[in-house]
Amino acid sequence: MKKILILSANPINTSQLRLNEEVREIQAGLERAKNRDKFEIISKLAVRTDDLRRALLDYEPHIVHFCGHGAGEQGLALENVLGEVQLVATESLARLFKLFRDNIECVLLNACYSDVQAEAIYQHIDCVVGMNRAIGDRAAIEFAVGFYDALGANRSYEDAFEFGCSAIDLESIPEFSTPVIRSRERSQPEVKQDEVVPIFAPEEPEGQVPLESAFYVERSPIEVDCYETILKPGALIRVKAPRQMGKTSLMSRILHHANQQGYLTASLNFQSADAEFLSNLDQFLQWFCATITYEINLPDKLENYWQGVLGSKNKCTNYFQRYLLAEINRPIVLGLDEVDEVFKYPTIAADFFGLLRAWHERSKNDPIWKNLRLVIVHSKEVYIPLNINQSPFNVGLPIELPDLNQAQVKDLALRHKLNWSDSQIAELMTLVDGHPYLVRVALYQIARGRITLPKLQQIAPTEEGPYSDHLRRHLLNLQQDGELLPAFKRVVAANEPVDVRNTDAFKLHSMGLVKLQGNKVKPSCDLYRQYFSDRLGVR
C-alpha cells in the first residue's frame, strides 16, 4: 500500500487558498478509484516546520503532496506558532528529503513558484513535480484531481503528471504548462538522467507572450513581488524597461493573477488613443473613462457626470468614485500600458499623472478608493516636469525588468529542445546579453533549423540577419535625435565605458542601447556595438 502524505499551509497573512477543497477532491477521487485499496491518505493541516519533519518520520510516506504558497527562491511558506508565514529555505528542504530518499518515490509541490524547490529535491528523490510560475486555485485543484485519478487507475507518475496537465487544459484554464516534472524514469533514450525534458514546440517570438505560453521566463522575485503587491489595498506597481523586454507580458500576468483572486481587471493601451483625444484634457479624460467602462462591461454614463462647472479632473474623479467603484464594489486592477504616449503631451501628462497620484493617496484613507489598484507600464524616463508630490512615478512598487541571466537563458534553450552546453549559452549571451526578445529570436530560428549558432554570430549585425528590423528601428530613432546620435557614436567607438551627458545616458538606457556603469555607459551587447559601428561609420 502506498501512503500519500498531504501537507497544507495557508498562513493568516497570505491570500486565502481553497486548500480544503483540494484535499477533499483528492480523497474523493481516490475513494472511487478501482485501485483505492492500494492507497492510504494522511492529511496534515496548518503545517509548521516541526510538523513536516515529524510527519515524514511518523508516516514514512511514499508520496508527499504539499499545497499552499511558494515564494520562488525564498522558499515554501509554512506556518509559525502564530499562524503567520515561515519560509523554509530551498536548501533546507532538499537536505530534509535527502534523509528519506530510500522511501519517498514522488514529491508534488502544488504551490506557486515551487519549481526552484522541486529542482533541489530532485537531487535525492526520483520524481518531483513543481510549478514554474504562479498557479491559480482552479488550476491547482484540477491538476491534483487529474494526477491522483491517474494514480488510482494504476498509471505511472509520469502518466499521472500528463493527466494533471490535461485536466487543466480540458477546463480551458491557460495554466496547463505551469506544472513541471523531473523524473529519472523517462522513456526517451536520448535524454540524460537529470535533464528536464522540454515538451514544447517552438513559438514565434512576437508581441507579448501569451498567458498559456511555455516560453515566458519568470525573473524571480519580480513576479512574486508583483502578485503580492497587487492584492494590497490601493496598490500601485510601476513597470519600466526598454521595448521588447516583456513589460506587457508581465502586466497581463499581474492582471490574470488578480482575476484569479476574484478581482475585476481592465487593460488600456494608450497607443490606441486617437490624436484628437490627446489634444485636450477634457476629451482625454472622457476617453479614459469611457474605455475603462467598456472594458468592464458597464453602461456608459458619462453624460450624467460630465456636467456643471467642475473641472475635468473633478468630473473624472466623481465618475470613478460615485459610479464605477461604487457599482463594482470589489477590487479592480487597471493595467495602463504604453503611458509613454502621454509623455508627448506635457500639459495633459501633468494633469493626468497628477490625478493618478491623487487617487493613490486617497486610497490610504478612503475605503472605496482602496479597491482601485494600478499597474503603470512605460519605457522612457519621465522627463516631463511633474511636482514630486503629484507624480505616480515615485510611489508604489518600482519594477525595472532586467535581462535574462545565464541560467534563465539555458532554461529557455531547453524549452526549445536545445540541449546546449554552458559555452554555447555564453556565446549567445556575448552576442545579445540576455535581452529576452533577442534571445528568443535566436533560439526560435535555431530550433526550427533555419540557422546555426555560428551562422547567427556571423550575420546577426547585418541586414541579412534575423534582427534587421529591430536594429533599423533603433537606427531611425537615433538619426532623428541630433543630440543623442553623437553621444551614442562616442559610446560605440570607445573600448571602455564612457561619460556622456546625464540626459543622453538615461535616454540611451531607456532605449535599451546602453548599460549604466556608475556614471558611465557602454553598449548593451556586442550585437549593438558591431551593427552601429558599421552603420554610423565608427571605427
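Residues numbered from 1 in each chain as written. Predicted model: local features only at pLDDT ≥ 70, side-chain atom pairs only at ≥ 80, totals over all residues. Heavy atoms only, no water.

### Remarks on the sheet that holds strand β9 (residues 236-240)
Here's step 1: Sheet architecture is open: five strands sit in the order β10-β11-β12-β9-β13, paired in parallel fashion. The strands lining the two open edges of the sheet, one partner per strand, are β10 (264-269) and β13 (397-400). Strand after strand, the sheet turns through a mean of 15° between neighbouring axes, direction not considered.
Here's step 2: Strand direction decides the pairing type here: β10 and strand β11 (residues 332-337), joined by six bridges, are parallel. When the sheet's bridge partners are listed, Leu-268 is paired in β11 with Leu-336. (Pairing = 2+ DSSP bridges. Helix = DSSP H or I, 4+ residues; strand = E, 2+ residues; numbered from the N terminus. Axes fitted to C-alpha atoms, helices over the stretch in contact; angles between N-to-C directions.)

### Quick notes on the confidence of the model for the chain
Here's step 1: Overall, the prediction assigns the chain a mean pLDDT of 90, with 96% of residues at 70 or greater.
Here's step 2: Note that pLDDT drops below 50 for residues 186-199; the model gives that stretch 20 contacts with residues more than four away or on any other chain. (pLDDT = per-residue confidence, 0-100. Contact = heavy atoms within 4.5 Å.)

### Remarks on the side chain of Glu-338
Here's step 1: Note that Glu-338 resides in the loop between β11 and α12 (340-343).
Here's step 2: Leaving out residues up to four positions away in the same chain, Glu-338 has contacts with Arg-243, Asn-269, Phe-270, Gln-271 and Val-377.

### Re the nonpolar core
Proteins that are soluble and globular tend to have nonpolar side chains buried together.
Here's step 1: Ranked by size, the top nonpolar core spans 56 residues in total, and within it Phe-143, Phe-147, Tyr-148 and Leu-250 carry the most contacts.
Here's step 2: Considering every element that reaches this core, the biggest residue donor is helix α5 (residues 137-152), with eight residues.
Here's step 3: Residues within four places of Tyr-148 in sequence aside, it is in contact with Ile-4, Ile-26, Leu-30, Ile-63, His-65 and Leu-108.
Here's step 4: Counting residues in each nonpolar core, the second largest holds 50 residues, with Leu-428, Leu-471, Leu-475 and Leu-478 among its members. (Core = buried A, V, L, I, M, F, W, Y, C linked by side-chain atoms within 4.5 Å. Buried < 20%, exposed > 50% of the residue type's maximum accessible area, 1.4 Å probe, protein only.)

### Re helix α13 (residues 346-362)
Here's step 1: The terminal C-alpha atoms of α13 lie 24 Å apart, and with 17 residues this matches the ideal 24 Å at 1.5 Å per residue to within 8%.
Here's step 2: Close packing links the buried residues of α13 with β9, α9 (281-295), α11 (312-328), β11, α12 and β12 (372-378). (Expected span 1.5 Å × (residues − 1).)

### Some thoughts on the packing of aromatic side chains
Here's step 1: Summed over all chains, the structure comprises 25 aromatic pairs.
Here's step 2: Between Tyr-113 and Tyr-227, the ring centres sit 6.0 Å apart and the planes meet at 25°, which makes this aromatic pair stacked. Taken together, the residues span a long stretch of sequence, with Tyr-113 in the loop between β6 (106-111) and α4 (115-121) and Tyr-227 in helix α7 (residues 222-229) at a distance of 114 residues.
Here's step 3: Geometrically, the ring pair formed by Phe-270 and Phe-352 is edge-to-face, given 5.7 Å between the ring centres and 65° between the ring planes. Taken together, the residues span a long stretch of sequence, with Phe-270 in the loop between β10 and α9 and Phe-352 in helix α13 at a distance of 82 residues. (Phe/Tyr/Trp six-rings, centres within 6.5 Å; stacked < 30°, edge-to-face > 60°.)

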